[in-house]
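These are the residues of each chain, in order.
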Amino acid sequence: MDFRTACEETKTGICLLQDGNQEPFKVRLHLAKDILMIQEQDVICVSGEPFYSGERTVTIRRQTVGGFGLSIKGGAEHNIPVVISKISKEQRAELSGLLFIGDAILQINGINVRKCRHEEVIKKINRNFPVNQQIVYMGWCEAREQDPLQDRVYSPTFLALRGSCLYKFLAPPVTTWDWTRAEKTFSVYEIMCKILKDSDLLDRRKHCFTVQSESGEDLYFSVELESDLAQWERAFQTATFLEVERIQCKTYACVLESHLMGLTIDFSTGFICFDAATKAILWRYKFSQLKGSSDDGKSKIKFLFQNPDTKQIEAKELEFSNLFAVLHCIHSFFAAKVACLDPLFLGNQATASAAASSATTSKAKYTT
């Protein structure tokens, strides 16, 4: 990765800090337009130049598991550079000895990111990750409690879209192990996200959205700004598109007239229903032939397909044990199909889609 910052964008200095319980110790202050960062000065720069001496280039190699071991925040939408906000212990960023909290990222592999938005920088970093490890979104929001007996209606929640999953945390993941300890995890193509209109809001809070899980549970979230809501919506669409493009098809067990069947949703060919025992195909239809559908809210879905020869509507009813997961998956595949017809959308995703074949060595340029 190549990162670069300009000295005039931030001010850096050293001072003594005392909390009243111990001797004064040196801290490093990093002042940007809207952020003041304080870091204990306990690091040694081995590059042969003072750690506060402006721009520098650092080359790090991504770990097979855990990535580069750093978190970032800021971006052009906040009128500040993207800076390193956290460095994980015993991972590449820390082990290099050349990266520090508060370092501003200026270049990524030779690409100037001074004026890039936060999510754009994430995408450029993600070029070094396979698709199933890419982090498309990370951020705080407020989750509305479903238990009316709770004293607090909303509580802080940290959401992350990484690879095939949406993660819900009580605190941001710092280490690789943290990703295994999420409060909840959902497959992105088996959940449904809805941006709420004013008429759908439950209270005076604006900028809200819901996520319906594969079990039909509705989770209600609120973000602070309209731009935050737009960023979340774009990120969710991107994550869904990338995952559908990666898996290409998904098969669900179902029942037809007391017989065990399988329904495959295939990105290229459409819907395929087959006998689970013999694998014999009963029927198949393209996505374009689906003219409507309905469900009973419990287990049954009725599909209305148009016969390409007779132009007649043919109804097919199947029963599933995981109704909402199937409905959401169908919606995700249709959304991905629509995305493929939008050249602008595809252009924005071209870099991320090619991530699996990207190199794992990066050069980074920083300033302090």
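Residues numbered from 1 in each chain as written. Predicted model: local features only at pLDDT ≥ 70, side-chain atom pairs only at ≥ 80, totals over all residues. Heavy atoms only, no water.

Residues Leu17, Leu31, Leu36 and Ile38 make up a contiguous nonpolar surface patch of about 370 Å² in total accessible area. In this structure, Ile38 sits in strand E3 (residues 36-40). (Patch = residues over 30% accessible without salt bridge, like charges linked within 9 Å, V, L, I, M, F, W, Y side chains within 5 Å. Areas by Shrake-Rupley, 256 points an atom, 1.4 Å probe, with all protein chains shown as cover. Salt bridge = Lys/Arg side-chain N within 4 Å of Asp/Glu carboxyl O. Helix = DSSP H or I, 4+ residues; strand = E, 2+ residues; numbered from the N terminus.)

The element strand E17 (residues 259-266) is extensively covered by neighbouring structure, given that 6 of its 8 residues are classed as buried. As judged from the 8 bridges shared by strand E16 (residues 249-256) and E17, these two strands associate in the antiparallel manner. The residue bridging Ala253 from the neighbouring strand is Gly262, located in E17. In sequence, E16 turns back onto E17 through a hairpin of 2 residues, with Glu257 there showing a positive phi of about 50°. In this sheet, strand E18 (residues 270-275) lies alongside E17 in antiparallel orientation, the contact comprising 6 bridges. Paired with Met261 across the strands is Asp275, a residue of E18. Between the end of E17 and the start of E18, which pair antiparallel, lie 3 residues. (Buried < 20%, exposed > 50% of the residue type's maximum accessible area, 1.4 Å probe, protein only. Pairing = 2+ DSSP bridges.)

This next bit is on empty space enclosed by the protein. The gaps of empty space that remain are located by a probe, the size of a water molecule, rolled over the atoms. In total, this model carries 4 cavities of 30 Å³ or more according to the counting rule given. There is about 50 Å³ of room inside the second largest cavity. Lining the second largest cavity are His118, Glu119, Ile122, Ile135, Val136, Tyr137, Met138, Gln231 and Ala235. For the lining of the second largest cavity, the secondary-structure elements that each account for two or more residues are helix H2 (118-126), strand E9 (135-144) and helix H3 (226-247). With 4 residues, the top contributor of residues to the lining of the second largest cavity is E9. When grouped by side-chain class, the residues that make up the lining of the second largest cavity number 6 nonpolar, 2 polar and 1 charged. (1 Å grid on protein atoms, 1.4 Å probe; cavity = no way out; pocket = protein on both sides within 12 Å on 5 of 7 lines; lining within 4 Å. Points joined across faces, edges and corners; volume = space filled by probe spheres on them. Nonpolar A, V, L, I, M, F, W, Y, C, P; charged D, E, K, R; others polar.)

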